[in-house]
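One letter stands for each residue in the lines below.
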Amino acid sequence: MKRIPIIAGNWKMYKTKDDALSFIYAVNVAVPEKELVESVICAPAIFLRDLVKREGEDLRIGAQTMHELDEGAYTGEISAPMLKAYGVDYVVLGHSERRAYYNETDESVNKKLIQAVKNELTPIVCVGESLEIREAGTTDQVVKDQVVKAYLNVSSDQALKTVVAYEPIWAIGTGKTATPDQANDTIKAIRNVLKGLYGAMVSDSIRILYGGSVKPNNVDELLAKSDIDGALVGGASLDPESFLTLVKAAVKK
Ligand code: 13P
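Residues numbered from 1 in each chain as written. Predicted model: local features only at pLDDT ≥ 70, side-chain atom pairs only at ≥ 80, totals over all residues. Heavy atoms only, no water.

(A) Summary view of the overall build of the protein chain. What the protein chain contains, in helices and strands, is 12 helices and eight strands. Taking 18 Å as the expected radius of gyration for a compact globule of 253 residues, we find that the protein chain reaches 17 Å, a close match to that expectation. Referenced to the eigenvectors of the C-alpha coordinate spread, the extents of the protein chain come out at roughly 45 × 45 × 35 Å. When each of the 253 residues of the protein chain is scored for burial, the buried share is 52%. In the protein chain, the share of contacts with a sequence separation of at least 24, taken over all contacts with a separation of at least 6, comes to 74%. As presented, the protein chain carries roughly 11,300 Å² of accessible surface, and 52% of it is formed by carbon and sulfur atoms. Where the 30 positive side-chain charges of the protein chain centre and where its 35 negative ones centre are 1 Å apart. (Helix = DSSP H or I, 4+ residues; strand = E, 2+ residues; numbered from the N terminus. Rg over C-alpha atoms; globule rule 2.2 N^0.38 Å. Buried < 20%, exposed > 50% of the residue type's maximum accessible area, 1.4 Å probe, protein only. Contact = heavy atoms within 4.5 Å. Areas by Shrake-Rupley, 256 points an atom, 1.4 Å probe, with all protein chains shown as cover. Lys, Arg positive; Asp, Glu negative; His and termini not counted. Charge placed at Lys NZ, Arg CZ, Asp CG, Glu CD.)

(B) Up close: the site of the ligand. Taken together, 13 residues form the shell around the ligand, and within it Lys12, His95, Gly173, Ser213 and Gly235 come nearest. Lysine 12 places a polar side-chain atom, nitrogen or oxygen, 2.8 Å from an oxygen atom of the ligand. Among the cavities detected, the one that contains the ligand is the second largest pocket. For the shell around the ligand, the residue count by class is four nonpolar, seven polar and two charged. (Near = heavy atom within 4 Å. Polar contact = N/O pair within 3.5 Å; in protein donor to acceptor, adjacent residues only side chain to side chain. 1 Å grid on protein atoms, 1.4 Å probe; cavity = no way out; pocket = protein on both sides within 12 Å on 5 of 7 lines; lining within 4 Å. Sits in = over half its atoms within 2 Å of the grid points. Nonpolar A, V, L, I, M, F, W, Y, C, P; charged D, E, K, R; others polar.)

(C) Geometry of helix 1 (residues 17-28). End to end, helix 1 covers 16 Å across 12 residues, agreeing with the expected 16 Å (1.5 Å per residue, within 8%). Along helix 1, the residues that are buried comprise Ala20, Leu21, Phe23, Ile24, Val27 and Asn28. Around the axis of helix 1, the buried residues are gathered within 160° of arc, so they sit on the same side. Elements that come into contact with the buried residues of helix 1 comprise strand 2 (38-42), helix 2 (48-54), strand 3 (59-63) and helix 12 (240-251). (Expected span 1.5 Å × (residues − 1). Arc of directions from axis to C-beta.)

(D) Quick peek at the nonpolar core. Core analysis: the biggest nonpolar cluster contains 65 residues, and Ile7, Tyr151 and Tyr210 have the highest contact counts within it. The residues contacting tyrosine 210, other than those within four sequence positions of it, are Tyr166, Pro168, Ala171, Thr177, Ala178, Ala183, Ile187, Leu222, Ile228, Gly230, Ala231 and Leu232. Core analysis: the next-biggest nonpolar cluster, separate from the first, contains 12 residues, Tyr90, Ile124, Val163 and Leu232 among them. (Core = buried A, V, L, I, M, F, W, Y, C linked by side-chain atoms within 4.5 Å.)

(E) Molecular detail of the state of the cysteines. Across all of its chains, the model carries zero disulfides by this definition. Left without a disulfide partner, cysteine 42 is nearest to the cysteine sulfur of cysteine 126, which lies 8.9 Å away. (Disulfide = S-S within 2.5 Å.)

Here it is, written out as structure tokens:
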């Protein structure tokens, strides 16, 4: 089963408007065709409109979070219909930083996943374990639990419209990457959970990304692995050259 790889940059709370614009002008014309790799930039909400206006055929824009409801008295929040109306195509859900600092839970991730798909946004659903869990040897169980809870009451058709990102918390922003085998083994375990929920046809179609200190110098060995379908990238997505190196590496997959 051929899965088109995805390289998604997660800018987190970095860049000014001028930086964001110079990035998109530099990258837009240089990313490979979307049939070869889906190139995505998940930017701070305040830049989304400017980026969507300038995105080309082969670059897509994503948000870093969203609310689970259509509308309501939730100061500071942004809804899926708002993102969709702005031309946003992807949304990161359940990032470990959102789980740690903004009270995002498996239950809210589940609601947001369903809401994103309903609004024709592609959710990038993040799961991953802490260092304590990795050292205790219970990674697969913990990640499995996160996946099962995220996909509660999600149909096969809906699941097919999602992307998963496996991001071990201990590898985020630390320069410590999971070894390609560690990443691939956990991603296989995730695919196995999806197989249990939806069958092999669906689980073989869902893209599962790795995230955590992915850089131009380690991307090839990660993407060479059977089940790693791309990367969710923080630091190395901020620089146009570095981001382009990553998307070009994914073309070879
Ligand atoms: P780094 O690539 O900076 O480790 O960040 C990973 C991440 O959290 C992407 O969502």
